[in-house]
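Chains, contacts and geometry: an overview
Chain by chain, the residues run as shown.
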Amino acid sequence: MQRYQSVLRIIVLGVSMAGAAAAQAQETGDAGKTQEPTWGLGIGVGVQRSPYRDFGNKTRALPVILYNSEHFRVAGTTADVKLGSVGSFDFTLRAKYSDEGYKSGDASVLNGMDERKDGFWLGASAAWRTPFARLTLEWLKDASGNSGGQTVKLGAERGFTSGRVKFTPHLGVAWMNSDYVDYYYGVKQSEVAATRAAYSGKSTTNASLGLRTDYSLTAAQSLFLDLSVTHYGSAITDSPLVDRSTSPSLRLGYIYKF
């Protein structure tokens, strides 16, 4: 079972590298028009700074998978069933995998902590296509039963094209309930140590800002680069497990679309 979970995590994280390349397909494929299925394969590299003390960076070189059709989409760690459109609004049912869990040996500050498992989330999303930006709203609940968490995310992005290059600034605000924060950043009484006090998480809000760049080599081939930074809410930064308030991340890769 442990080997199976490790393989599943590798596959899902590999798919997540497609998120930057998939965003353009999302923008053009949600307008309620008939759409031929598209596939994409490639390779990507991701680097993300963990908020946990002494954890360092997570760096992965993994395969990329992308799929988009009229009624179904896989983009990153997210799978959507497209419910349809009403005017300039698009609606979906959403399933999502998150790899936010950790094990006791992942960092010195986590020694003696119980394992926090990754999550499988279910919910819904809506997108509003306006003349100035694409606005999104997402609600998710932890269906794995690990954290009991819920999240609500607001996002906005706008693409600008110059020749073969497309620049897409994006920003977001994510609220998470106290169960979510307590599970991933809290410290139970049984986990208290000399350098780690007990801590009960409260609901909080994170903010993110980034820039995605897509470069078309040919009609079928493209490169992507996504640079972003997340600012954590006070209920996370107050945790004795955390030693930073911001976390930068980078994703880059190559995609071939069929």
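Residue positions within a chain follow its written sequence, with the count starting from 1. Local features in this predicted model are restricted to residues whose pLDDT is 70 or higher, and side-chain atom pairs enter the listing and the counts only when it is 80 or higher, whereas totals over whole chains, interfaces and linings include all residues. Water and hydrogen atoms play no part in the side-chain values, which are based on all heavy atoms of the structure.

**Thoughts on the overall build of the protein chain**
Summing up its helical and strand segments, the protein chain has 4 helices and 13 strands in all. Burial status across the protein chain gives 41% buried among its 258 residues. Contacts are assigned to residue pairs with any non-hydrogen atoms lying within 4.5 Å of each other. In the protein chain, the share of contacts with a sequence separation of at least 24, taken over all contacts with a separation of at least 6, comes to 60%. Surface exposure here means Shrake-Rupley accessible area, sampled with a 1.4 Å probe, where a residue is shielded only by the protein chains that are shown. Carbon and sulfur atoms make up 60% of the accessible area of the protein chain, which totals about 13200 Å². Helical segments are the DSSP runs of H or I of at least four residues, strand segments are the runs of E of at least two, and each set is numbered from the N terminus. When accessible area is computed with a 1.4 Å probe and restricted to protein chains, residues below 20% of their type maximum are described as buried, those above 50% as exposed, and intermediate ones as partly exposed.

**Section: the pairing of strand β2 (residues 57-68)**
Pairing between two strands is assigned when DSSP locates at least 2 bridges connecting them. Where strand β1 (residues 38-49) meets β2, 12 bridges bridge the pair, whose relative direction is antiparallel. Across the sheet, the residue bridging to Gly46 is Arg60, located in β2. With 2 bridges joining them, β2 and strand β3 (residues 72-75) adopt antiparallel strand pairing. By the bridge assignment, Asn68 is partnered in β3 with Arg73. What sits between the antiparallel neighbours β2 and β3 is a turn of 3 residues.

**Some thoughts on the packing of aromatic side chains**
Between rings of Phe, Tyr and Trp, where Trp is taken as its six-membered ring, a pair exists when centres lie within 6.5 Å; planes separated by under 30 degrees are stacked, by over 60 edge-to-face, and by other angles tilted. Throughout the structure, instances matching the rule amount to 10 aromatic pairs. Here the aromatic rings of Tyr52 and Tyr102 are separated by 5.1 Å at their centres, their planes lie at 70°, and the arrangement is edge-to-face. Remark: Tyr102 occurs in the loop between β5 (89-98) and β6 (119-129) and Tyr52 occurs in the loop between β1 and β2; sequence separation between them is 50 residues. Each member of the pair, Tyr52 as well as Tyr102, carries the same accessibility label: buried. When the ring of Tyr67 is compared with that of Phe72, the centres are 6.2 Å apart and the planes differ by 45°; the resulting orientation is tilted.

**Let's talk about the pattern of salt bridges**
Think of a salt bridge as a Lys or Arg side-chain nitrogen and an Asp or Glu carboxyl oxygen that are within 4 Å of each other. A full pass over the atoms with the stated rule returns 9 salt bridges. Residue Arg94 pairs with Glu138 through a salt bridge whose shortest N-O separation is 2.8 Å. With Arg94 in strand β5 and Glu138 in strand β7 (residues 134-142), this pair connects stretches of sequence that are 44 residues apart. The exposure classification of Arg94 matches that of Glu138, with both residues buried. Each of the salt bridges in this network shares a partner with another, and the network as a whole consists of Arg73, Asp80, Arg94 and Glu138.

**Quick notes on a nonpolar patch on the surface**
Residues Phe72, Val81, Leu83, Val86, Phe89, Phe91, Leu93 and Trp128 make up a contiguous nonpolar surface patch of roughly 720 Å² in combined accessible area. Those elements giving two or more residues to the nonpolar patch turn out to be β4 (78-86) and β5. Examined against the element boundaries, Leu93 turns out to sit in strand β5. Patch membership is restricted to residues that have no salt bridge and whose relative accessible area is over 30%. Joining uses 9 Å for like charges and 5 Å for the nonpolar side chains Val, Leu, Ile, Met, Phe, Trp and Tyr.

**Remarks on unusual backbone geometry**
Positive phi values are uncommon outside glycine, yet Asp54 reaches one of about 65°. Residue position: Asp54 is located in the loop between β1 and β2.

**Structural notes on the nonpolar core**
Buried Ala, Val, Leu, Ile, Met, Phe, Trp, Tyr and Cys residues that are joined via side-chain atoms within 4.5 Å together make up what is termed a nonpolar core. Grouped together as the largest cluster of nonpolar side chains are 23 residues, with contacts concentrated most on Tyr52, Leu110, Val181, Tyr185, Ile236 and Leu241. Breaking this core down by element, the ones donating at least two residues are β10 (165-176), α3 (178-185) and α4 (234-237). Examining the composition of this core, we find that 5 residues originate from one element, α3, more than from any other. Apart from residues lying up to four places away in sequence, Tyr185 is in contact with Pro51, Tyr52, Tyr199, Tyr232, Ile236, Ser239, Leu241 and Val242.

**Examining the pairing of strand β11 (residues 204-216)**
Relative to β11, β10 runs antiparallel, the two sharing 12 bridges. Paired with Val165 across the strands is Tyr215, a residue of β11. In this structure, β11 lies alongside strand β12 (residues 221-231), joined through 10 bridges in antiparallel fashion. By the bridge assignment for β12, Ser216 is matched with Ser222. A loop of 4 residues connects β11 with β12, the two strands running antiparallel in sequence.

Honestly, that's just the spatial picture; any functional story needs more than this.
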